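Examination of the molecular architecture
These are the residues of each chain, in order.
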Amino acid sequence: MSEKVVVISGASSGIGEATARVLAKAGHQVFLGARREDRLAALADEIVGAYAPLDVTSRESFQSFVDSAVERYGRVDVLVNNAGVMPLSLMGSLKVDEWDRMVDVNIKGVLNGIAAVLPRFTGGGHVVNVASIAAHMVMPTAAVYCATKYAVWAISEGLRQERDDLRVTVISPGVTESELADTITEDFAASLMEDFRKLALPASAIGDAIAYAISQPAEVDVNEIVVRPVAQR
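Keep in mind the model is a prediction, meaning the values are calculated, not measured.

Re the pattern of salt bridges
Tallied over the entire structure, the rule returns seven salt bridges. Across the pair Asp 67 and Arg 120 runs a salt bridge, and its minimum N-O distance is 2.9 Å. With Asp 67 in helix H3 (residues 59–73) and Arg 120 in the loop between helix H4 (96–117) and strand S5 (126–130), this residue pair connects regions lying 53 residues apart in the sequence. Looking at Asp 67, the relative accessible area reads 30%, which means it is partly exposed.

A closer look at the sheet that holds strand S2 (residues 29–34)
Read across the sheet, seven strands follow the order S3-S2-S1-S4-S5-S6-S7 without closing on themselves; strand pairing throughout is parallel. Either end of the sheet is taken by a strand with one partner, and the two such strands are strand S3 (50–53) and strand S7 (224–227). Ignoring strand direction, the axes of neighbouring strands in this sheet form an average angle of 15°. As defined by bridge partners, strand S1 (residues 5–9) adjoins strand S4 (residues 78–81) across three bridges and the pair is classed as parallel.

Regarding the environment of Ala 135
On the secondary structure map, Ala 135 appears in the loop between S5 and helix H5 (143–162). In sequence terms Ala 135 and Ala 147 are 12 residues apart; their C-alpha atoms lie 7.3 Å from each other. Ignoring sequence-local partners within four residues, the contact set of Ala 135 consists of Lys 149, Tyr 150 and Trp 153.

Some words on the packing of aromatic side chains
Summed over the entire model, instances satisfying the criterion amount to three aromatic pairs. Measuring from ring centre to ring centre gives 5.2 Å for Phe 31 and Phe 65, while their planes differ by 40°; the resulting arrangement is tilted. Here the residue Phe 31 occupies a position in strand S2, and Phe 65 occupies one in helix H3, the gap between them amounting to 34 residues. Looking at Phe 31, the relative accessible area reads 3%, which means it is buried. Here Phe 31 and Tyr 73 contribute two aromatic rings whose centre-to-centre distance is 6.4 Å and whose plane-to-plane angle is 90°, an arrangement assigned as edge-to-face.

Analysis parameters
- Residues numbered from 1 in each chain as written.
- Predicted model: local features only at pLDDT ≥ 70, side-chain atom pairs only at ≥ 80, totals over all residues.
- Heavy atoms only, no water.
- Salt bridge = Lys/Arg side-chain N within 4 Å of Asp/Glu carboxyl O.
- Helix = DSSP H or I, 4+ residues; strand = E, 2+ residues; numbered from the N terminus.
- Buried < 20%, exposed > 50% of the residue type's maximum accessible area, 1.4 Å probe, protein only.
- Pairing = 2+ DSSP bridges.
- Axes fitted to C-alpha atoms, helices over the stretch in contact; angles between N-to-C directions.
- Contact = heavy atoms within 4.5 Å.
- Phe/Tyr/Trp six-rings, centres within 6.5 Å; stacked < 30°, edge-to-face > 60°.

Structure (structure tokens):
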């Protein structure tokens, strides 16, 4: 497997951190982005990677992040659009600020990442968007979150069809160990998630799926991978 330069958003914890560890171990150059620079610095030091601060809701921040990766490594081969938030709540609770935050991070953040890397992908490149099983189903308290992940799936499929030199992969994790549930402020939604998360996969399982997609020959595009705990229905 040839070494690739991989930029990862949301790399300070959860799936992003685990993916960075898996890819670095596989011999790739990883460039980490998130808002919590102290965590990025510690992780980059441990896995011999590099990092830059990143606010995915800012187009300028994402562009600067990708430019920094190119300045360091001379190129970017893969974008892992991983950053996301999941403050679940009943629609009737009208937590509209949380709705806005999910749209800004989960949808606009993905678009900002794509906008930053596409000009760098001439004659190749790979976009890996982390969606969710919420892109395939809707459940109470998760209507807005599901909508954002459906959007990630649709954006990915549309991008895939537009260019025949670009690989696009959607990773849809089932319940996975992460800090996503920490953003839930509604007691009812939090209690539902507490039971749901008893089945959680280690985040490294998602990192392994991403590594698999990246490792395929240039003419092979793994379009979608759904990864669930065996017991999750």
